[in-house]
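# Breakdown of the fold
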Amino acid sequence: MTFYRTTRLMLSGAAFLSLAGSAVALDGQDFLKKLNAAYSTQGGTITADGVDVNDTTVTLKNASFKPTGSDALNIGDITMTGVEEDEDGGYYIEEAAFPDINVTKDGTTVSASELTLGGISIPADASGDRLDSILLYETAHAGPIKVVNGGKEVFSLGETEMNLTLREDESGFDFDGAFKSMKADLSDTPDPQAKEAIEKLALQHLNGDITMKGAWDLGPGAIDISEFAFDVTNVGRLNLAFKISGYTLPFVKSLQEATKASEANPNKEEAQQALGLAMLGLMQQLSFNGAEIRFDDASITKRALEYAGSKQNISAQQMADALKAMAPIALAQLNIPELQNAISAAVNTYLDDPNSLTISAAPPQPVPFPTIMGAAMGAPNTLPNVLGVKVTANQ
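Keep in mind it's a predicted model, so treat the numbers as computed, not measured.

Here the focus is the overall build of the protein. The secondary structure content of the protein amounts to 10 helices and 20 strands. When contacts within the protein are restricted to residue pairs at least 6 apart in sequence, long-range pairs at least 24 apart make up 56% of them. Carbon together with sulfur atoms contributes 57% to the accessible area of the protein, which is approximately 21700 Å² in total. A gap of 5 Å separates the mean positions of the 27 positive and 51 negative side-chain charges of the protein.

Below is the structure:
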């Protein structure tokens, strides 16, 4: 497989440049056929009024994407540059550029611009369960995204970037992404109680970023999301992390086939039941390796205590003391003494000095999902020990 443009240039060198003029023209219909073969595994097809080929540029004229069992979504002209056919019959695309989006429905307008995908690999044969049978991209980009309601901008993103990097030995991927300059306007919330809470908590105008980082080791099927963080100014940073194993390429193919079969079934109730059974079967292959939820405070806790206290006619400090006193009573119902004590201690530490609060699960060995489901149904109070759950504050 040839995923990297730099690798092609190094291998081809001057010979490639000298032969480029005599290269065989791209077959537009074969290109669209193989693109659809790859897309169909994910439950959709791409149609176009025509396929224009101009040297290494391929344009899908008036293209539409049709998910299985749903109406087609008109996209417009998709322009793909730097298109090459691989020796194995697949294709590589340097960049695919999509038309801007501007859709209005029920008084709400959604717009997005500068939409591109880069480093796209289209497999020659999408029916296998190997890496060279999957449609992949190296980068995804979107410029400004805006949501306008009643003439007022209520949500926007400045820029979105996603990167997927295949390791040199093809043992896995590293990926990262960022949703930059996120803004949300909550000042016109119609519900009076929600509006009051938003104002007291100073949440009328939210600003922040969302970032993510992770890796996928193909052999054991280990998905490691080390960062999925929501960082909001004057609120805090919430990071979610988890790791599972068993998410192999054959697992992905089986998941795609089950979803595709469900979407193609006109009997939706029957389709959902069949998909549920298929998912339960696939879950047998997955194991839980660990997880963590961490919140780093940026002043929201103080405002929340002040607001909650005002509802009880007490101060923020008195509200914090009341919560510390109630925590052991509420936790006693869990019937997990060791964890109850840890949570109470963490709550006390955090409320005394709001800094960070962390809930982690780190079992000594990967725990199969069926074991987790069995414990949840039969003896839920054993789950914290099975998963190695810990709660800490200000660490």
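Leu-131, Phe-173, Trp-216 and Ile-372 are the most contacted members of the largest nonpolar core, which totals 27 residues. Elements with a minimum of two residues in this core: β12 (159-166), β13 (172-185), β14 (205-217), β15 (222-232), α4 (249-264), α9 (369-378) and α10 (383-387). A domain split of this core shows at least three residues from each of domain 1 (249-284) and domain 2 (297-393). Within the second largest apolar cluster, 20 residues are counted, among which are Ile-46, Leu-60, Ile-122 and Leu-135.

Sheet topology places strand β9 (residues 139-142) next to β12; four bridges connect them, and they run antiparallel. Bridged to His-141 within β12 is Glu-161. Note that β12 and β13 share eight bridges and pair antiparallel. Pairing of Leu-166 across the sheet is with Phe-173, part of β13. A loop of five residues connects β12 with β13, the two strands running antiparallel in sequence, and Glu-170 in this loop sits at a positive phi of about 60°.

This part takes up the packing of helix α7 (residues 316-331) against helix α8 (residues 337-352). Interhelical geometry of α7 versus α8 gives an angle of 170° and a closest axis separation of 9 Å. Accordingly, the angle class assigned to the pair α7 and α8 is roughly antiparallel. Two secondary-structure elements touch here, α7 through Ala-320, Leu-323, Lys-324, Ala-327, Pro-328 and Leu-331 and α8 through Gln-340, Ile-343, Ser-344, Asn-348, Leu-351 and Asp-352. Its residues assigned to classes, the contact of α7 with α8 shows seven nonpolar, three polar and two charged.

Let us look at unusual backbone geometry. The backbone of Asp-55 sits at a positive phi, close to 60°, despite the residue not being glycine. Take Asp-55: its relative accessible area is 62%, and that puts it in the exposed class. Even without being a glycine, Ser-299 presents a positive backbone phi close to 95°. With respect to the element layout, Ser-299 can be found in the loop between β17 (287-297) and α6 (300-311).

By domain assignment, the protein separates into domain 1 (249-284) and domain 2 (297-393). Domain 1 and domain 2 are separated by 36 Å when their C-alpha centres are compared.

Within the secondary structure layout, Thr-160 lies in strand β12. Owing to a relative accessible area of 9%, Thr-160 belongs among the buried residues under this scheme. Once you skip the residues sitting within four places of it in the chain, Thr-160 turns out to touch Ala-140, His-141, Ala-142, Ile-145, Ala-178 and Phe-179.

The α-helix winds at 3.6 residues per turn, so residues separated by three or four positions along the chain end up facing the same way. Relative to the 22 Å expected for 16 residues at 1.5 Å per residue, α7 spans 22 Å between its end C-alpha atoms, a close match to the ideal helical length. The largest bend in α7 comes to about 25°, at Ala-325, with the proline Pro-328 one to four residues further on. Within the span of α7, buried status applies to Met-319, Ala-320, Lys-324, Ala-327 and Leu-331. Residues of α7 that are buried make contact with α6 and α8.

Inspection of the secondary structure puts Asn-265 in the loop between α4 and α5 (268-283). Judged by relative accessible area, which is 19%, Asn-265 ranks as buried. At 3.1 Å, the side chain of Asn-265 and the side chain of Glu-270 are in polar contact. Residue contacts for Asn-265: discarding those within four places in its chain leaves Glu-270 and Ala-271.

Here Gly-290 is to be found in strand β17. Note on Gly-290: relative accessible area 11%, which makes it buried. Distance in space between the C-alpha atoms of Gly-290 and Ile-210 is 22 Å, their sequence separation being 80 residues. Filtering out sequence-adjacent residues up to four positions away, Gly-290 remains in contact with Phe-242, Lys-243, Ala-361 and Pro-363.

It is worth spelling out the packing of aromatic side chains at this point. Enumeration according to the criterion identifies six aromatic pairs in this entry. When the ring of Phe-31 is compared with that of Tyr-91, the centres are 5.2 Å apart and the planes differ by 80°; the resulting orientation is edge-to-face. Of this pair, Phe-31 sits in helix α2 (residues 28-40) while Tyr-91 is found in strand β5 (residues 91-98), placing the two residues 60 residues apart along the sequence. Residue classification places Phe-31 among the buried residues on the basis of a relative accessible area of 1%. Since its relative accessible area comes to 1%, Tyr-91 is described here as buried. An aromatic cluster is built from Phe-173, Trp-216, Tyr-247 and Phe-251, whose rings are joined through pairwise contacts.

A separate point is the pairing of β17. Pairing analysis gives 10 bridges linking strand β16 (residues 236-245) to β17, with the strands arranged antiparallel. By the bridge assignment, Phe-242 is partnered in β17 with Ala-291. Where β17 lies against strand β19 (residues 367-368), two bridges are found, and the strand directions are antiparallel. Opposite Ser-287, over in β19, you have Pro-368 as the bridge partner.

What counts, and at which threshold
- Residues numbered from 1 in each chain as written.
- Predicted model: local features only at pLDDT ≥ 70, side-chain atom pairs only at ≥ 80, totals over all residues.
- Heavy atoms only, no water.
- Helix = DSSP H or I, 4+ residues; strand = E, 2+ residues; numbered from the N terminus.
- Contact = heavy atoms within 4.5 Å.
- Areas by Shrake-Rupley, 256 points an atom, 1.4 Å probe, with all protein chains shown as cover.
- Lys, Arg positive; Asp, Glu negative; His and termini not counted.
- Charge placed at Lys NZ, Arg CZ, Asp CG, Glu CD.
- Core = buried A, V, L, I, M, F, W, Y, C linked by side-chain atoms within 4.5 Å.
- Buried < 20%, exposed > 50% of the residue type's maximum accessible area, 1.4 Å probe, protein only.
- Domains from an automatic or database assignment.
- Pairing = 2+ DSSP bridges.
- Axes fitted to C-alpha atoms, helices over the stretch in contact; angles between N-to-C directions.
- Parallel < 35°, antiparallel > 145°, perpendicular 65-115°, else oblique.
- Nonpolar A, V, L, I, M, F, W, Y, C, P; charged D, E, K, R; others polar.
- Expected span 1.5 Å × (residues − 1).
- Bend = angle between axes of the 7 residues up to and from the residue.
- Polar contact = N/O pair within 3.5 Å; in protein donor to acceptor, adjacent residues only side chain to side chain.
- Phe/Tyr/Trp six-rings, centres within 6.5 Å; stacked < 30°, edge-to-face > 60°.

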